[in-house]
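Next come the chains, spelled out residue by residue.
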2 protein chains.
Amino acid sequence: MTESNNAEAQNTAPKRGSAATIYDIAKLSGFNPSTVSRALTTPGRINAKTEAKIKAAAKELNYQANPFARALPTGRTKMIALIIADITNPVFFNVVRGAEIAAAEDGYTLVIAESQESSSNEAEALQRILPTVDGVMLVTTRLSDEEIQEVNRLKPVVLVNRKVDEVADVVPSNENGIADAVKHLADLGHKHIAFLSGPRASWMNTERWNNLMKNAVKSGMTIVEIGPNDPTLEAGKLSLDRVKASGVSAVVTYNDLMGIGLLREAVAQGIRVPEDLSIIGFDNIFGSDFTSPPLTTVMLNLEKTGNEGVAALLNLLANEELTPSDIPAPEHEASLLVRGSTAKAKKA
Amino acid sequence: MTESNNAEAQNTAPKRGSAATIYDIAKLSGFNPSTVSRALTTPGRINAKTEAKIKAAAKELNYQANPFARALPTGRTKMIALIIADITNPVFFNVVRGAEIAAAEDGYTLVIAESQESSSNEAEALQRILPTVDGVMLVTTRLSDEEIQEVNRLKPVVLVNRKVDEVADVVPSNENGIADAVKHLADLGHKHIAFLSGPRASWMNTERWNNLMKNAVKSGMTIVEIGPNDPTLEAGKLSLDRVKASGVSAVVTYNDLMGIGLLREAVAQGIRVPEDLSIIGFDNIFGSDFTSPPLTTVMLNLEKTGNEGVAALLNLLANEELTPSDIPAPEHEASLLVRGSTAKAKKA
DNA sequence: AAATTTTTGGCAACCGGTTGACAAAATCCG
DNA sequence: CGGATTTTGTCAACCGGTTGCCAAAAATTT
């Protein structure tokens, strides 16, 4: 842009990416490259004085090891992959954040790929990324159990919110949260409730439905499943008719997105929430308290989930011989967050 | 999957990560490793028939090039870094998605790092990631102009929503959207408006304020800046008192987060929106239509921004000699999305 | 002081690709 | 049909680290 540009370009040979190597350090410090390597990576192997000299030279040259050159013989890349179905789904934000923090703590870098809810995209992305990472965290995978096991055979895998034989997982227990939610509805006098279910293939969907059913029956309520549906705002909105038709006084939705969709459509159609219809979502996503009324929801500590997932993976990585069953169960559990979308059932 | 698995597992030494190399292919196909390399990477350089044979052998061995071995001599990693300030800020989701798509199209992998709004974190993450990527996209960096220029000297950088000398950028024009917003308020009879500003250091904040001021003055309105503030829900909420005190009938907020915070607090305090106070946000984030009333906002096509950012970076990468000024301005512009939070000004 | 053990640093091979140089083979030309 | 040209495959060096092995130097023992 300015006329000084020309001069600059001439004198500094601004060759991008020309970083210092151990050979430069060797030359500067007068030692052998292998000695340099040892001084930098195996403290103690080398005379303390030489080590200090070498480290000084390294600092002077602003040395940073080329990760590829390092990864080549060792096979370790200090990167882990995080595969998620839909990055715009607010559920993931906190998982990602928790994972980021845990990874950065140990000097690992997160490589994030999105499958856009498509299992072929996911397989492709995985294919591309797998060789560059030490391990994989699958957050909401669309892959089949067999595919997951196969990936697990290549690199350590940790599954979040899903369970597959032989594969490590981190899935916080829904039980308490669901029990509380059902009790909450029972206390409010609801007799007939519905579960607005998510995708048939979702492990978590089945988990929630089964738990819900068990608790509802125990509390003497009837419960019906409406679905399967896409786990989206739109699907929640479109299901209002079926909800109305079912005659229930309360709905638990597979996730907040669907809950919000349902709630807004109900309000738009003049159905009063919570007076005419109580709604409970899952996940406590960003924005679930923006609605009128704000959505009552079963909350998961997703940041913690992401954190524990990466911790488990790092554990697996550090300890070749660890088996998935050695991974401790997550410590945190779901809990009910009561906001405005639940109230006493209308008298029948 | 079948019983043949056992046999396979026995003879192939199922050592994790033991992938086929070009040497294996060479042995299997009877050619030299370098010939294999050429067949796979320089189509046409090799006799079509041999090329086919080699490719068949590669397929048979399920060959996938070791990216590190490849990156070492070429320096190219096919990865680009995406640095964002706060991954839980919904503004970024769509940027990330757009970037993902553009990157995947060209076989590039996105490495995402979050700086948690801290410039030291950001510098550190950048330090860690920089050697492993071909280029960097800075989405909401907390780095100083000088730091950015320095990074740009090492690897190609594309800035999103910010401008720094000598560095390529993608910043969609706010002008139309802001002009429309001001005109919208003027048409509704507002005479005195405020800008609830974001962080002082934000380039975009200054941009919006300057534009807003210019347009407001032109329309014969008075405008005041209230701030600076954190770009958060909480800050929006806390600023209500100052907004009330200012006596304005309409507020434009630096972003939707602040707009939503302000709107919800106003409603909570019994101030009617939009009858008593009109509010316009920026960004059209997820959830900005969940509020009651839904937030009127100046919408940016963030997915497109992410897309164009990566495209620009790829362009820079493919064409060493390209200078930042060769990057075309983004084609899309901001536009006003009128929802429910704006209405006629009360008569003074 | 000689023999033995331990420390220390250097040599060289290796990780798995890419690529310039070159010779053999194939194709073209007059 | 012989010489010039093009095509094709191989050799070998290189990218920047790591690491097993060994010899020289230093420290210890006898």
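In this text the structure is predicted, and so the values were computed from the model without any measurement.

Caption draft 1: Region of the structure containing helix α3 (residues 33–41) of chain B. Residue and element names in this part refer to chain B. Thr35, Val36 and Ala39 are the residues of α3 that are buried. Buried residues of α3 fall within an arc of 100° about the axis and therefore sit on the same side. When the buried face of α3 is taken as reference, the exposed residues oriented beyond 90 degrees from it are Ser34 and Thr41.

Caption draft 2: Looking closely at the protein's contact with DNA strand C. With respect to spatial proximity, 24 residues lie near DNA strand C, and among them Asn32 and Ser34 of chain A together with Ser34, Ser37 and Ala69 of chain B are the closest. Within the residue set of the surface near DNA strand C, elements represented by two or more residues are α3 (33–41) and α5 (67–74) of chain A together with α3 and α5 (67–74) of chain B. A total of six residues in the surface near DNA strand C trace back to one element, the largest contributor, which is α3 of chain B.

Caption draft 3: Quick peek at helix α10 (residues 203–218) of chain B. All names here are of chain B. A rise of 1.5 Å per residue sets the reference length of α10, with its 16 residues, at 22 Å; its end C-alpha atoms lie 23 Å apart and thus fit the reference within 8%. Taken together, the buried positions of α10 are Met204, Asn205, Arg208, Trp209, Asn211, Leu212, Asn215 and Ala216. Along its buried surface, α10 packs onto α9 (175–187), β6 (192–196), β7 (222–226), β8 (250–253) and β9 (278–282).

Caption draft 4: Examining the protein's contact with DNA strand D more closely. Around DNA strand D, the structure places 25 residues, and the nearest of them are Ser34, Ser37 and Ala69 of chain A together with Asn32 and Ser34 of chain B. Looking at the surface near DNA strand D, the elements with two or more residues in it are α3 and α5 of chain A together with α3 and α5 of chain B.

Caption draft 5: Structural detail: the sheet that holds strand β7 (residues 222–226) of chain A. Residues and elements named next belong to chain A. Reading across the sheet, the six strands line up as β7-β6-β8-β9-β10-β11 and stay open at both edges, with mixed pairing between neighbours. On the outer flanks of this sheet lie β7 and β11 (335–337), each paired with one strand and no other. Between one strand axis and the next, the sheet turns by 20° as a mean value, whatever way the strands run. Strand contacts of helix α9 (residues 175–187): β6 (192–196), β8 (250–253), β9 (278–282), β10 (296–299) and β11, with the helix running at about 45° to β11, the strand carrying the most contacts. Each of β6, β8, β9 and β10 is contacted by helix α13 (residues 256–268), which is oriented at about 155° to β9, the strand it contacts most.

Caption draft 6: Highlighting the relation of the copies chain A and chain B. Take chain A, turn it by 180°, move it 0.2 Å along the axis, and it overlays chain B with an RMSD of 0.4 Å. With respect to symmetry, the two chain copies, as superposed, fit the operation of a two-fold axis. Looking at the interface residues of chain A, 95% of them are also at the interface in chain B, so both copies use one shared face.

Caption draft 7: Quick peek at the pairing of strand β3 (residues 135–138) of chain B. All names here are of chain B. Across the two faces of β3 the burial is the same, with Gly135 and Met137 and Val136 and Leu138 all buried. Examined bridge by bridge, strand β1 (residues 79–84) and β3 share four bridges and lie parallel to one another. The partner of Ile83 across the bridge, within β3, is Leu138. Note: β3 against strand β4 (residues 157–160), three bridges, orientation parallel. Each residue of the ladder has a partner; that of Val136, found in β4, is Val157. As for the winding sense of the linkage, the β-α-β connection from β3 through helix α8 (residues 145–154) to β4 is right-handed.

Caption draft 8: Up close: the sheet that holds β9 of chain B. All names here are of chain B. If you walk across this open sheet you meet the six strands as β7-β6-β8-β9-β10-β11, and the pairing is mixed. Edge positions in the sheet fall to β7 and β11 (335–337), since each has one partner strand and no second. The sheet shows a mean angle of 20° between the axes of neighbouring strands, direction not considered. Sheet topology note: the β9/strand β10 (residues 296–299) ladder contains three bridges and is parallel. Bridge pairing links Phe282 to Val298 in β10. On top of the sheet, α9 reaches β6, β8, β9, β10 and β11; it is set at about 45° to β11, its chief contact.

Caption draft 9: A look at the pairing of β9 of chain A. All names here are of chain A. Within β9, five of the five residues are buried, which leaves the element mostly enclosed by the surrounding structure. Burial along β9 is two-sided: Ser278, Ile280 and Phe282 and Ile279 and Gly281, pointing in opposite directions, are all buried. Here three bridges tie β8 to β9, and the two strands are oriented parallel to one another. Each residue of the ladder has a partner; that of Val251, found in β9, is Ile279. For the crossover that starts at β8, traverses α13 and ends in the parallel β9, the hand is right-handed.

Rules of the game
- Residues numbered from 1 in each chain as written.
- Chains lettered and ligands numbered in written order.
- Predicted model: local features only at pLDDT ≥ 70, side-chain atom pairs only at ≥ 80, totals over all residues.
- Buried ≥ 20, exposed ≤ 12 C-beta atoms within 10 Å, placed from the backbone.
- Helix = DSSP H or I, 4+ residues; strand = E, 2+ residues; numbered from the N terminus.
- Arc of directions from axis to C-beta.
- Near = placed C-beta within 6 Å.
- Expected span 1.5 Å × (residues − 1).
- Contact = placed C-beta atoms within 7 Å.
- Pairing = 2+ DSSP bridges.
- Axes fitted to C-alpha atoms, helices over the stretch in contact; angles between N-to-C directions.
- Least-squares fit on C-alpha atoms with pLDDT ≥ 70 in both.
- Right-handed = clockwise from strand over helix to strand, strands pointing away.

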